[in-house]
Amino acid sequence: MREKLINVFRKTFEDLNIDETVSQKNCENWDSLNHINLIVELENEFNVSIEPDEMDEMKDFYAVEKIISAKLKA
Amino acid sequence: MRFYVFRNFTVENLFGNPEFIYSGYNDILTCDYQSDVYLWLYFVPVALNRSKLKDEIKTYFQSIELIYNNVPANGTFLIFTLRDFYNIKYQNADFSVENEIDNFNRQVVQFAKERQNVKVVDISDFVCRYSVNQLVDWKFFCLSKMIINPKLATSFKSWFFEQFDKIQYKRKKCAIFDLDNTLWGGVIGEDGSNGIKIGGNYPGSAFLMFQEGLVELMNAGVILAICSKNNENDVLEVFRENPYMRLKREDFSAVRINWDSKAENIKQIAEELNIGLESIIFIDDNPIERELVKAFLPEVEVPDFPEQPYELLPFFSFLVEKYFSVYELTDEDKLKNSQYKANQQRDLAKSKFIDYSDYLKSLEIEIRIENANKFNIPRIAQLTQKTNQFNLKTKRYTEANIRKIISENNLVFCLNVKDKFGDSGITGVLILKRLSDAEIEIDTFLLSCRILAKDIEFAFLNEILSIQKQNGIRYVNAVYMPTNKNSQVSSFYEKAGFTLVDEELGMKKYKLDLNNITLKEISTLKIEKA
């Protein structure tokens, strides 16, 4: 799961060095447009729907991981 | 290539960066002057007040006129048509928004028709593949002002570039067909020339429509050819005697009916027509033949053939869409098939003469050199895109590039050729760049392979160089840049009297001193001066 998530980040932000420490603060490519691209990729990859308030919360890798894994368990 | 997008919605996710630069929403005043292509990509706003919406759409055409006056004249301007994604109706009989949209779409088509560098991209062609709920994801619309669902971004981008390729004129030149169960149902060898299925009821009706489509393709300048394992006389009998055949023997510019390998036959057809394998598609119902051709000639496109005759109509539209559609046909396209047929007659005439120069004189070749102008620039750009064999530097240009070259005070010429068999139209391009008052460089020199081997290349070059000499030019620089298709011209400049000054990795640089050379007159043809 974590590995799959990291791959989504790497693909979306076109940066192979990204790991679980990535956040909007330390990643230049994580701008508003790529945030949408990230959401689209996550929705496709995990077949989930991410709601607007959840999008706002997704400010770093761990937040994304928490939301997605909660959705997958539900 | 750099694109500038005028937009009223978020479209960054459709094209990405960094080749694309975006205006502010609804901003028509700021503009990037360095782009090659300008896109006007507006979507009908999602509006609950329909009469306000109607008024807003009305302003779009005016804003396009404003933008057009603002963008550089050598840029290409692409206008997308409008489609309403949120078409609510308070009264079913109220068509005012639709009418305004129709009106806009008609206006831009007319606008493009009157201007060389303006083209229309029909958004309906993309939109019609999806339902509204697929097209718009209202979550992303509300959050990010994206009207096209970001999940369709990849499809949208590839659709856009398909359209853009058509505008830039990239298409196949020739379709080669098998016969039995491809152009008609059944097998001649078994069913006889009148027993094959063409016309009448299904499945003959399906093959008939397929043939009708191919006639249209031929009229649009696609070359048709046959490659079939059959007895030639049986096939000729079908063409001669079966009254339902829409295609006639003479519609095919090259024909190979024998029992040899199809790959070998296709290679021969390419040589006979003087076209590259990569501009050919091969159509055959037999999967084994298709696989063999794919294996031996990977450059040739070999689409899968439908299992059932009723699938021929969608198959035909797939062929057109994928391989043959263009933004607009040039006059040369419409003439092309008759030109290839005239070439066959020329070859026949050639066999009657023993002395080559007698033969050349008998062709009554006349060439006319023209400066580039707005009527021939599309064809000039097209030739730089498509010519592979007789092309000394193989530089590819768009119409916008050509206009830019001219605007920078360089010289662009094109060549018209006709002979007693027909008019080949514009078939050569020569671009000279000015280095100084006395020195020029040949930036592009190419001739279409339809007119090769008739000394036209020397006549064209010498005529232009002698004019340059009169205008005070002394030195001419030239370069041969090797590709895997143009080896036939690797020594062209030597033959034309140039001196080789440098050679590296096959690239040859030349210089010519016009004071030290007598440009030979070509006596076998007539030159009409520009």
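Colleague: Is there a simple way to think about the overall build of chain B in this case?
Modeller: A tally of helices and strands in chain B yields 19 helices and 17 strands. Principal-axis analysis of the C-alpha atoms places the extent of chain B at approximately 80 × 75 × 40 Å. Taken over 530 residues, chain B has a buried fraction of 55%. Expressed as a percentage of contacts within chain B between residues at least 6 apart in sequence, the contacts between residues at least 24 apart total 70%. On chain B, the mean spot of the 66 positive side-chain charges and the mean spot of the 74 negative ones are 4 Å from each other.

Colleague: Honestly, the overall build of chain A in this entry has me stumped. Any pointers?
Modeller: The helix and strand tally for chain A stands at four helices and zero strands. When the helices and strands of chain A are listed from N to C terminus, the series reads α-α-α-α. For chain A, the C-alpha radius of gyration of 11 Å lies close to 11 Å, the compact-globule estimate for 74 residues. Within chain A, the proportion of its 74 residues that are buried is 43%. Put simply, of all contacts in chain A between residues at least 6 apart along the chain, 50% involve residues at least 24 apart.

Colleague: Help me out: how do you make sense of the interface of chain B and chain A in this one?
Modeller: Frequently, the measure chosen for interface size is the accessible area that the parts lose on association. With nine residues of chain B at the contact, the number on the chain A side is twelve residues. In total, chain B and chain A occlude about 840 Å² of area from one another, counting both sides; carbon and sulfur atoms represent 73% of this. Per-residue buried area on chain B facing chain A is highest for Lys139, Phe140 and Lys151 of chain B; these three make up 53% of the total on that side. Inspection of the region where chain B meets chain A yields two salt bridges. For the salt bridge of Glu43 of chain A with Lys139 of chain B, the shortest nitrogen-to-oxygen distance reads 2.4 Å. The interface formed by chain B and chain A contains four residue pairs in polar contact (both at pLDDT 80 or more). Only helix H1 (12-15) and helix H6 (138-144) of chain B provide two or more residues apiece to the side of chain B that touches chain A.

Colleague: Whenever I open this one, the environment of Val320 of chain B confuses me. Can you help?
Modeller: Residues and elements named next belong to chain B. Of note, Val320 is situated in helix H13 (residues 312-324). For Val320, a relative accessible area of 24% puts it in the partly exposed group. For Val320 and Ala295, which are 25 residues apart along the polypeptide, the C-alpha to C-alpha distance reads 24 Å. For Val320, the contacting residues outside a window of four places in its chain are Leu217 and Ser325.

Colleague: What's the story with unusual backbone geometry in this structure? I'm lost.
Modeller: Trans peptide bonds make up the majority, and among non-glycine residues the majority have a negative phi. Residue and element names in this part refer to chain B. Of note, the amide linkage connecting Tyr202 to Pro203 takes the cis form, showing an omega dihedral of 5 degrees. In this structure, Pro203 sits in the loop between helix H8 (188-191) and helix H9 (204-219). Despite not being glycine, Asn181 shows a phi value in the positive range, around 60 degrees. Mapped onto the fold, Asn181 is located in the loop between strand E6 (174-177) and H8. With a relative accessible area of 30%, Asn181 lands in the partly exposed category. Of note in the backbone geometry, Asn274 takes a positive phi value of approximately 60 degrees without being a glycine. Within the fold, Asn274 resides in the loop between helix H11 (262-273) and strand E9 (280-283).

Colleague: What should I look at first to understand a nonpolar patch on the surface in this one?
Modeller: Among the surface-exposed residues, Ile288, Leu292 and Phe296 of chain B lie close enough to one another that they form a single nonpolar patch of about 340 Å² accessible area. Mapped onto the elements of the fold, Ile288 of chain B is located in helix H12 (residues 287-296).

Colleague: Explanation requested: the layout of surface pockets in the structure shown.
Modeller: Left-over empty space is what a probe sized like a water molecule reveals as it rolls over the atoms. Here the largest pocket defines a volume of roughly 1,100 Å³. Lining the largest pocket are 49 residues, with Lys119, Tyr327, Glu328, Pro378 and Glu399 of chain B sitting closest to its centre. Those elements that provide at least two residues to the lining of the largest pocket are helix H3 (96-113), strand E5 (118-121), helix H7 (153-167), helix H14 (331-350), helix H16 (377-386), helix H17 (399-407) and strand E12 (422-436) of chain B. Ranked by residues supplied to the lining of the largest pocket, first place goes to H16 of chain B with five residues. Both of domain 1 (3-167) and domain 3 (355-528) of chain B provide at least three residues apiece to the lining of the largest pocket. The volume enclosed by the second largest pocket comes to roughly 700 Å³. Around the second largest pocket sit 25 residues that line it, and Thr12, Glu14, Asn34 and Asn37 of chain A together with Asn13 of chain B are the ones nearest its centre. For the lining of the second largest pocket, the secondary-structure elements that each account for two or more residues are helix H1 (2-13) and helix H2 (32-46) of chain A together with H1 and H7 of chain B.

Colleague: Would you mind going over the domain arrangement of chain B with me for this structure?
Modeller: Residue and element names in this part refer to chain B. Entries for chain B in the domain assignment read domain 1 (3-167), domain 2 (174-324) and domain 3 (355-528). A straight line from the C-alpha centre of domain 1 to that of domain 3 covers 41 Å. Taken together, the contact between domain 1 and domain 3 spans eight residues of the former and seven residues of the latter. On inspection of domain 1 and its partner domain 3, the count reaches one salt bridge. One can count two residue pairs in polar contact (both at pLDDT 80 or more) joining domain 1 with domain 3.

Colleague: I'm lost on the pattern of salt bridges in this one. Help?
Modeller: Close approach of charged atoms allows side chains with opposite charge to pair. Residue and element names in this part refer to chain B. Evaluated as defined, the whole model comprises 28 salt bridges over all chains. In this structure, Arg50 engages Asp84 in a salt bridge whose closest nitrogen and oxygen atoms are separated by 2.9 Å. Linking Arg50 in helix H2 (residues 50-70) with Asp84 in the loop between strand E4 (76-80) and H3, this pair joins segments that are 34 residues apart in sequence. Accessibility assignment for this pair places Arg50 and Asp84 in one class, buried.

Colleague: Would you mind showing me how to read the packing of aromatic side chains here?
Modeller: Here the distance between the centres and the angle between the planes together describe a pair of aromatic rings. All names here are of chain B. As enumerated under the stated definition, the model contains 55 aromatic pairs over all chains in all. On the basis of an interplanar angle of 55 degrees and a centroid distance of 5.5 Å, the ring pair of Phe156 and Trp159 is categorised as tilted. You can see Phe156 and its partner Trp159 sitting in helix H7, three residues apart, about one turn around the helix. Like Phe156, the residue Trp159 is buried in the burial classification.

Calculation notes
- Residues numbered from 1 in each chain as written.
- Chains lettered and ligands numbered in written order.
- Predicted model: local features only at pLDDT ≥ 70, side-chain atom pairs only at ≥ 80, totals over all residues.
- Heavy atoms only, no water.
- Helix = DSSP H or I, 4+ residues; strand = E, 2+ residues; numbered from the N terminus.
- Buried < 20%, exposed > 50% of the residue type's maximum accessible area, 1.4 Å probe, protein only.
- Contact = heavy atoms within 4.5 Å.
- Lys, Arg positive; Asp, Glu negative; His and termini not counted.
- Charge placed at Lys NZ, Arg CZ, Asp CG, Glu CD.
- Rg over C-alpha atoms; globule rule 2.2 N^0.38 Å.
- Buried area = accessible area lost by both parts, 1.4 Å probe.
- Salt bridge = Lys/Arg side-chain N within 4 Å of Asp/Glu carboxyl O.
- Polar contact = N/O pair within 3.5 Å; in protein donor to acceptor, adjacent residues only side chain to side chain.
- Patch = residues over 30% accessible without salt bridge, like charges linked within 9 Å, V, L, I, M, F, W, Y side chains within 5 Å.
- Areas by Shrake-Rupley, 256 points an atom, 1.4 Å probe, with all protein chains shown as cover.
- 1 Å grid on protein atoms, 1.4 Å probe; cavity = no way out; pocket = protein on both sides within 12 Å on 5 of 7 lines; lining within 4 Å.
- Points joined across faces, edges and corners; volume = space filled by probe spheres on them.
- Domains from an automatic or database assignment.
- Phe/Tyr/Trp six-rings, centres within 6.5 Å; stacked < 30°, edge-to-face > 60°.

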